[in-house]
Amino acid sequence: MDQDIRLLVVDDEERIRKLIRMYLEREKYIIDEAEDGDEALEKALQNEYDCILLDLMLPGKDGIEVCRALREKKSTPVIMLTAKGEETNRVQGFEVGTDDYIVKPFSPREVVLRVKALLRRSGNTGFVQTETKAKDVIVYPHLTIDNDAHRVTADGIEVNLTPKEYELLYFLAKSPDKVYDREQLLKEVWHYEFFGDLRTVDTHVKRLREKLNKVSEQAAKMIVTVWGVGYKFEVVNE
């Protein structure tokens, strides 16, 4: 591998941490562990992880609180581990910035596949592809999205986005002026049915605008609210 991939596994059950660790270390990933929310947040803020596997139910701060606090500082990809029947908690997890979730009981092999998929989406694959091909880049005035590198720049300055924030922006930017309602965005970006709870879309749009606005007010204006319908991407030329 051309670079080390470092993950944080957070669960209050040691046997689950050890099981996940064993499978992930087979992939040559470097694994750190935390057994409660306070330890998890401290490690997540002090270290640079490529992905965090975060149990929902934890002593001290729960997974929701940890993810919310983390998102105030960092865009580290997060996979939430939840038990069956915690539908409301999964919705909360997406609202505070979780990128994916896995339902317990789970197969360790599923965990490995989900981690690999999230690392691909966040642009960290652990290897460099050498084959030549046309680059997948979207260029607008004030905003450039390099989908090969999963890199967004606004007025020449890189914008640090979570995988879901990136996917939302890329999805909208691929079809300028096309209006999507919240149900469509949940299906296309989150691949998940919320059965009427649509707050997570609004939350991510708000975060996305705030991050873009810190760098370029014009780029932030490209994400347009269509009142009573949903959202669209509109090119700003000035």
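These numbers come from a predicted model, not from an experiment. (Residues numbered from 1 in each chain as written. Predicted model: local features only at pLDDT ≥ 70, side-chain atom pairs only at ≥ 80, totals over all residues. Heavy atoms only, no water.)

### Here we look at the pairing of strand β2 (residues 30-34)
Side chains on a regular strand alternate between the two faces of the sheet.
Here's step 1: For β2, the tally of buried residues reaches 4 of 5 residues, placing the bulk of the element in the interior.
Here's step 2: Where strand β1 (residues 6-10) and β2 come together, 5 bridges link them in parallel fashion. Residue pairing across strands places Leu 7 opposite Ile 31, the latter belonging to β2.
Here's step 3: Each parallel crossover has a hand, and for β1 linked through helix α1 (residues 14-25) to β2 it is right-handed. (Buried < 20%, exposed > 50% of the residue type's maximum accessible area, 1.4 Å probe, protein only. Helix = DSSP H or I, 4+ residues; strand = E, 2+ residues; numbered from the N terminus. Pairing = 2+ DSSP bridges. Right-handed = clockwise from strand over helix to strand, strands pointing away.)

### Examining the side chain of Asp 55
Here's step 1: Mapped onto the elements of the fold, Asp 55 is located in strand β3 (residues 51-55).
Here's step 2: Engagement of the side chain of Asp 55 in a polar contact is seen with the side chain of Lys 104, the distance being 3.0 Å. (Polar contact = N/O pair within 3.5 Å; in protein donor to acceptor, adjacent residues only side chain to side chain.)

### Notes on the packing of aromatic side chains
Here's step 1: Scanning the model with the defined rule gives 4 aromatic pairs in all.
Here's step 2: Between Phe 94 and Tyr 101, the aromatic rings sit 5.8 Å apart at their centres with planes inclined by 80 degrees, giving edge-to-face as the arrangement.
Here's step 3: We classify Phe 94 as buried; its relative accessible area is 3%.
Here's step 4: Among the residues examined, Tyr 101 registers a relative accessible area of 16% and is labelled buried.
Here's step 5: Each ring, one from Tyr 166 and one from Tyr 170, has its centre 6.1 Å from the other, and the planes form 10 degrees; the classification is stacked. Of this pair, Tyr 166 and Tyr 170 are both found in helix α6 (residues 163-174), 4 residues apart, which corresponds to roughly one turn of the helix.
Here's step 6: Look at Tyr 166 and you get buried, because its relative accessible area is 4%. (Phe/Tyr/Trp six-rings, centres within 6.5 Å; stacked < 30°, edge-to-face > 60°.)

### Focus on the packing of α6 against helix α8 (residues 199-215)
Here's step 1: One way to put it is that α6 packs onto α8 with a least axis distance of 10 Å and a crossing angle of 90 degrees. Between α6 and α8, the angle is such that the two are roughly perpendicular. Every residue of α8 that contacts α6 at Lys 164, Glu 165, Leu 168 and Leu 169 is listed here: His 204, Val 205, Arg 207, Leu 208 and Lys 211.
Here's step 2: For the contact of α6 with α8, the class distribution of residues is 4 nonpolar, 1 polar and 4 charged. (Axes fitted to C-alpha atoms, helices over the stretch in contact; angles between N-to-C directions. Parallel < 35°, antiparallel > 145°, perpendicular 65-115°, else oblique. Contact = heavy atoms within 4.5 Å. Nonpolar A, V, L, I, M, F, W, Y, C, P; charged D, E, K, R; others polar.)

### Description of the UniProt feature "modified residue: 4-aspartylphosphate" (unreviewed entry) in the chain
Here's step 1: The positions UniProt marks with the feature "modified residue: 4-aspartylphosphate" (unreviewed entry) are Asp 55.
Here's step 2: Looking at Asp 55, the relative accessible area reads 5%, which means it is buried. (UniProt positions renumbered as here; feature names shortened; annotations may be inferred.)

### Brief notes about the pattern of salt bridges
Here's step 1: One pass over the full model with this rule turns up 23 salt bridges.
Here's step 2: Here Glu 33 ties to Lys 18 by a salt bridge, and the two come within 3.2 Å at their closest N and O atoms. Here Glu 33 is found in strand β2, whereas its partner Lys 18 is found in helix α1, with 15 residues between them in sequence.
Here's step 3: With its nearest N and O atoms 2.8 Å apart, the salt bridge here joins Lys 211 to Glu 165. With Lys 211 in helix α8 and Glu 165 in helix α6, the pair connects residues that are 46 residues apart, well separated along the chain.
Here's step 4: Overall, the relative accessible area of 19% leaves Lys 211 in the buried class.
Here's step 5: Taken together, the shared-partner salt bridges in this structure form one network comprising Arg 17, Lys 18, Arg 21, Glu 25 and Glu 33. (Salt bridge = Lys/Arg side-chain N within 4 Å of Asp/Glu carboxyl O.)

### Topic: the sheet that holds strand β10 (residues 180-181)
Here's step 1: Taken together, 3 strands build an open sheet; the order of strands is β10-β12-β11 and the sheet is antiparallel. Looking at which strands have only one partner, the edges of the open sheet turn out to be β10 and β11 (223-226).
Here's step 2: Judged from the 2 bridges that link them, β10 and strand β12 (residues 230-233) form a sheet pairing that is antiparallel. When the bridges of β12 are listed, Asp 181 appears paired with Gly 230.

### Looking at the pairing of strand β5 (residues 100-104)
Here's step 1: In terms of residue burial, β5 counts as a mostly covered element, since 4 of its 5 residues are buried.
Here's step 2: As paired strands, strand β4 (residues 78-83) and β5 are joined by 5 bridges and run parallel to one another. Following the sheet pairing, Ala 83 is matched in β5 by Lys 104.

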